[in-house]
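Structural characterization, general
This is what each chain is made of:
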Amino acid sequence: MAQPLKDMINLRSVSTLADGLAAAWPPFPRDRFVARALGGLAGLELKDRVRHVADALHEALPLPYPQAAAVVRESAAHARLDLWSGWPATEHTAVHGLDHLHPAMETLATLTPHATGEFAVRPYLERHRDDALKIMHTWAESPDEHLRRLASEGTRPRLPWATRVGWLMTPGPTLPLLGRLRDDPSEYVRRSVANHVNDLAKDHPEAALALLARWRSDGGSHVEKVLRHAVRGLLRSGHPEALALVGAVPGSGEVESLSLEADTVAVGGKLAFTVTVTSGAAGPLLLKYAVRRPGSRRVFHLGQREAAASGATFVVRKSHSFRPVTTRDEPPGPRELDVILNGRTAATATFTLTP
């Protein structure tokens, strides 16, 4: 089983940060910081570990915040910071720099190529809405793709693991940022833009679809790829306008046959199935499948086929894994497998998940 993410905050990550801080500021009490940061770490989950190390950093930097921030920025030049070693430094910024907008935002800009500041920027957007957003507009013009991405990622309405910022849930304030970055030369940035619009679509689908239609009309080198990634949530739910936006006829297509390799699968095993589908119209045929049990329905991508005309037939094979993961419980019991064509459930088969 994969190593739990929380274990990435460890002696190595703390020591890396400590080495950079000691090189940036010789009075830094390196050994005391490491001992304080590691003390009690074992019993904590990931985000609590990050906060714990950030608290130790604050205690070890008994300086006014602007001076402490300068030390943190300088540390990035002396250590090979990554997400795990740098995250506590961005958390320190999030907590202790709120009364010092400009040095704090400068610190996040320095750290984000090493350890993204997308979580740490949220309190600044909450307290310093207009001024923080103005700074992020300058980030969108940066030659550094990490900083341009932060302008989009840090303002996502539903950024995973991040605190919600109420005004970001309303479409409008961040659209100029997205418009500036939608055709960015970096796929890393464009993917964040698409994820941002996908977030927006969860609460305001019509606004998101109107935005994407306008982007398509305006053109660009990467508009179609961004558009398709941005509407994936709406396509998963079978939203008719989203299907039409990608050229698919909502609800069209038929399942000729759906066969499961077995009608039972053990936890940890795979369910193999084959589906034969026939198009109902020329154009894209978007195939998805859902695994259902009482109280749960999860939708997955099955494939996409381009039909030259109505009546085109395609055979698709897939294996679905029931490997245990820490973020999802899969209790044994009856299941249903749905095949979804262009937003419509077109066939269902039953099977049983066994211990």
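For the structure itself, consult the block above.
Residues numbered from 1 in each chain as written. Predicted model: local features only at pLDDT ≥ 70, side-chain atom pairs only at ≥ 80, totals over all residues. Heavy atoms only, no water.

**Comments concerning the overall build of the chain**
- Summing up its helical and strand segments, the chain has 15 helices and 8 strands in all.
- A burial count over the chain gives 50% of its 355 residues as buried.
- By sequence separation, contacts in the chain at least 24 residues apart represent 66% of the contacts at least 6 residues apart.
- Accessible area for the chain stands at about 16,000 Å²; split by element, carbon and sulfur atoms hold 52% of it.
- Put simply, the chain has 43 plus and 38 minus side-chain charges, and the middle of one group is 3 Å from the middle of the other. (Helix = DSSP H or I, 4+ residues; strand = E, 2+ residues; numbered from the N terminus. Buried < 20%, exposed > 50% of the residue type's maximum accessible area, 1.4 Å probe, protein only. Contact = heavy atoms within 4.5 Å. Areas by Shrake-Rupley, 256 points an atom, 1.4 Å probe, with all protein chains shown as cover. Lys, Arg positive; Asp, Glu negative; His and termini not counted. Charge placed at Lys NZ, Arg CZ, Asp CG, Glu CD.)

**Description of the packing of helix H4 (residues 65–75) against helix H6 (residues 101–111)**
- Packing of H4 against H6 brings their axes to within 9 Å, and their N-to-C directions diverge by 10 degrees. Our classification of the angle between H4 and H6 gives roughly parallel. Contact residues: Tyr65, Ala69, Val72 and Arg73 in H4; Pro103, Ala104, Glu106, Thr107, Thr110 and Leu111 in H6.
- Looking at side-chain class alone, the contact of H4 with H6 contains 6 nonpolar, 2 polar and 2 charged residues. (Axes fitted to C-alpha atoms, helices over the stretch in contact; angles between N-to-C directions. Parallel < 35°, antiparallel > 145°, perpendicular 65-115°, else oblique. Nonpolar A, V, L, I, M, F, W, Y, C, P; charged D, E, K, R; others polar.)

**Some thoughts on the packing of aromatic side chains**
- The full count for this structure, using the stated rule, is 7 aromatic pairs.
- Ring centres of tryptophan 84 and tryptophan 87 lie 6.3 Å apart, and the angle between their planes is 45 degrees; on these two criteria the pair is classed as tilted. One end of the pair is tryptophan 84 and the other is tryptophan 87, both in helix H5 (residues 83–96) and 3 residues apart, which spans about a single turn. The two residues tryptophan 84 and tryptophan 87 agree in class, both being buried.
- One aromatic cluster is present, formed by Trp84, Trp87, Phe119 and Trp161 through successive ring pairs. (Phe/Tyr/Trp six-rings, centres within 6.5 Å; stacked < 30°, edge-to-face > 60°.)

**Points about helix H3 (residues 46–60)**
- Over its 15 residues, H3 runs 21 Å from end to end, which matches the ideal 21 Å to within 8%, given 1.5 Å per residue.
- By the burial criterion, the buried members of H3 are Leu46, Arg49, Val50, His52, Val53, Ala54, Ala56, Leu57 and Ala60.
- If you follow the buried residues of H3, they end up packed against helix H1 (11–24), helix H2 (30–38) and H5. (Expected span 1.5 Å × (residues − 1).)

**A look at the sheet that holds strand S7 (residues 333–341)**
- Judged by pairing direction, the sheet is mixed, and its 5 strands sit side by side in the order S2-S8-S7-S4-S5 without closing on themselves. This sheet does not close on itself; its edge strands, each paired only once, are strand S2 (264–266) and strand S5 (296–307). Between one strand axis and the next, the sheet turns by 30 degrees as a mean value, whatever way the strands run.
- Pairing of strand S4 (residues 283–293) with S7 involves 6 bridges; the strand directions are antiparallel. The partner of valine 291 across the bridge, within S7, is leucine 337. (Pairing = 2+ DSSP bridges.)

**With respect to the nonpolar core**
- Counting 52 residues, the largest nonpolar core has Met105, Trp139, Val197, Leu212, Trp215 and Val231 as its most contacted members.
- Looking at this core element by element, the count peaks at 6 residues for helix H11 (residues 187–203).
- In contact with tryptophan 139, other than residues within four places in its own chain, are Met105, Leu108, Ala109, Val121, Leu147, Arg148, Leu150 and Ala151.
- Membership of the second largest hydrophobic core comes to 28 residues, among which are Ile9, Val53, Ala60 and Ala76. (Core = buried A, V, L, I, M, F, W, Y, C linked by side-chain atoms within 4.5 Å.)

**Re the pattern of salt bridges**
- Tallied over the full model, the rule gives 24 salt bridges.
- Among the ionic pairs, glutamate 106 bridges to arginine 73, the shortest N-O distance being 3.6 Å. Here arginine 73 lies in helix H4 and glutamate 106 lies in helix H6, a separation of 33 residues in the sequence.
- Owing to a relative accessible area of 44%, glutamate 106 belongs among the partly exposed residues under this scheme.
- Of the charged contacts, one joins glutamate 187 and lysine 225 as a salt bridge, the two residues approaching to 3.3 Å between their closest N and O atoms. (Salt bridge = Lys/Arg side-chain N within 4 Å of Asp/Glu carboxyl O.)

**So, the pairing of S4**
- With 9 of 11 residues buried, S4 is to be regarded as a mostly interior element.
- Sheet topology places S4 next to S5; 11 bridges connect them, and they run antiparallel. Across the sheet, the residue bridging to alanine 290 is valine 299, located in S5.
- Adjacent in sequence and paired antiparallel, S4 and S5 are bridged by 2 residues, among which glycine 295 carries a positive phi angle near 85 degrees.

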